[in-house]
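Secondary and tertiary structure notes
Here is how the chains run, residue by residue.
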Amino acid sequence: MGFWKTFFGGEANPEEEKKNAEERNFDLLKYDGVKAMRIGQFEYAQKCFQKALDIKDDPEVHDYLSRAYLQLGRNTEALQELQLLLRQEPENVNLMLQAASVAFMGESYTDMAEFCERALAVDADNAMVHLIYAKGELAQGNLVQGIARLTKTIALDERLVEPRLLRGQTLLRMGDLKGAGEDVEWLNAHTDDIEDVLLLSARLQQALGHHNEALAFYSQVIDQNPFQVEAYRERGQIRFEQGDKQGAEEDMQKVMELNPQEMADVSGEYSAEGIEQKTRQAYSYMNPMGL
């Protein structure tokens, strides 16, 4: 028997067999994790990737693990995985952008700014880095800085829709109807029935006092998304102010169905008198600029 083992390749090497078994297990765990992520089983995917990393340190698996953590809402762990990868690739702008996005989602704006600055030191004209930086500024209430970043993003890539939308929304909040109007005009010319664009268009028309045009845009939003509470509420405001109490009642009833807490203080039957009182209360605090 020993002769035949020697003849066909010699005695088996236990260390080599162990190494081959570990490689097979690593591959199985890695690809099981990928398959699990594709079908939304992120807990299982995370366990597979961690076990794979116990066998072998692998950058691709660290990336997969960061994505699994992100889907599980574990932003801190996701960021740790990306930071580990950045230590291996300190000038990888895509990794820095991923890390900045994760920090933004976790409201870690200082970390987000640091990742953005590092990325811009490598690629100062990366539009997507300027965009995430702008979103962080806006989230902190730094509207002027945010608009400046969005304008830079648009200058670098004028085809992008998101920075135009964000800038238009922010300018409207600031009361710059002319500036907001220019962004809305571009968005309507370059997009087709995007819900957020239609909602911004409605709010701009309402702020301009063009109530019929605003009603038309709000109705388009609702046709696209029958669950858009803000569109019902804001359309109802215009209907109420125009004396269309029946239309206002219908819209406020939809608000009540979709968001019961909205009418938590209304008791008894939802009467015409009730809707009038409630709409007066609800709409007295509203701002046509979407604030």
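Owing to the predicted nature of the structure, the values given are computational and were not obtained by experimental measurement. Numbering of residues starts from 1 in every chain and runs along the sequence as written. Under the rules for a predicted model, residues below a pLDDT of 70 receive no local features and side-chain atom pairs below 80 are neither given nor counted, while totals for whole chains, interfaces and linings still include all residues. Working from all heavy atoms in the structure, the side-chain values ignore hydrogens and water.

Here we take up the overall build of the protein chain. Along the backbone of the protein chain there are 16 helices and zero strands. The long-range share in the protein chain, meaning contacts at least 24 apart out of those at least 6 apart in sequence, stands at 48%. On the protein chain, roughly 16,400 Å² of surface is accessible, and the fraction owed to carbon and sulfur atoms is 48%. Strands are runs of DSSP state E lasting at least 2 residues, helices are runs of H or I lasting at least 4, and numbering of each runs from the N terminus. Throughout, a contact is declared for two residues whenever any of their heavy atoms are within 4.5 Å. Working definition of accessibility: Shrake-Rupley area with a 1.4 Å probe, residue cover restricted to the visible protein chains.

Within the fold, leucine 29 resides in helix α2 (residues 14-38). Each C-alpha atom, one on leucine 29 and one on alanine 52, is 5.6 Å from the other, the two residues being 23 residues apart in sequence. Other than its neighbours up to four places away in sequence, leucine 29 contacts Cys48, Lys51, Ala52 and Ile55.

In this section: helix α14 (residues 229-241). Helices are assigned an expected span. That span is 1.5 Å times one less than the residue count. Counted at 1.5 Å a residue, the expected span for α14 with its 13 residues is 18 Å, and the 19 Å between its end C-alpha atoms agrees. Accessible area is worked out with a 1.4 Å probe on protein chains only. A residue is then buried under 20% of its type maximum, exposed over 50%, and partly exposed in between. Taking burial as the measure, the 13 residues of α14 include eleven buried ones, the bulk of the element. Of the positions making up α14, those classed as buried are Val229, Ala231, Tyr232, Arg233, Glu234, Arg235, Gly236, Gln237, Ile238, Arg239 and Phe240. Put simply, glutamine 228 is the residue that caps the front of α14, since its side-chain oxygen is 3.0 Å from the backbone nitrogen of glutamate 230. Glycine 243, located one to two residues past α14, shows a positive phi value of around 85°. N or O atoms closer than or at 3.5 Å make up a polar contact, with two conditions inside protein: a donor-capable atom paired with an acceptor-capable one, and, for residues adjacent in sequence, both atoms drawn from side chains.

Another point: the packing of helix α5 (residues 75-88) against helix α6 (residues 93-105). Fitted lines through C-alpha atoms give the axes, limited to the stretch in contact for helices. The angle between two N-to-C directions lies from 0 to 180 degrees. Two numbers describe how α5 lies on α6: the axes approach to 10 Å, and their chain directions differ by 160°. Of the possible angle classes, the one that applies to α5 and α6 is roughly antiparallel. Both α5 and α6 take part in a crossing whose hand is left-handed. Contacts from Asn75, Ala78, Leu79, Leu82, Leu85 and Leu86 in α5 reach Leu95, Met96, Gln98, Ala99, Val102, Ala103 and Met105 in α6. Residue polarity is assigned by list, with Asp, Glu, Lys and Arg as charged and Ala, Val, Leu, Ile, Met, Phe, Trp, Tyr, Cys and Pro as nonpolar; anything else, Gly included, falls into the polar class. Within the contact of α5 with α6, the residues separate by chemical class into eleven nonpolar, two polar and no charged. For classification purposes, an angle smaller than 35 degrees is called roughly parallel, one larger than 145 roughly antiparallel, one from 65 to 115 roughly perpendicular, and anything else oblique. Left-handed describes a crossing whose near helix is turned anticlockwise from the far helix by less than a right angle; the clockwise case is right-handed.

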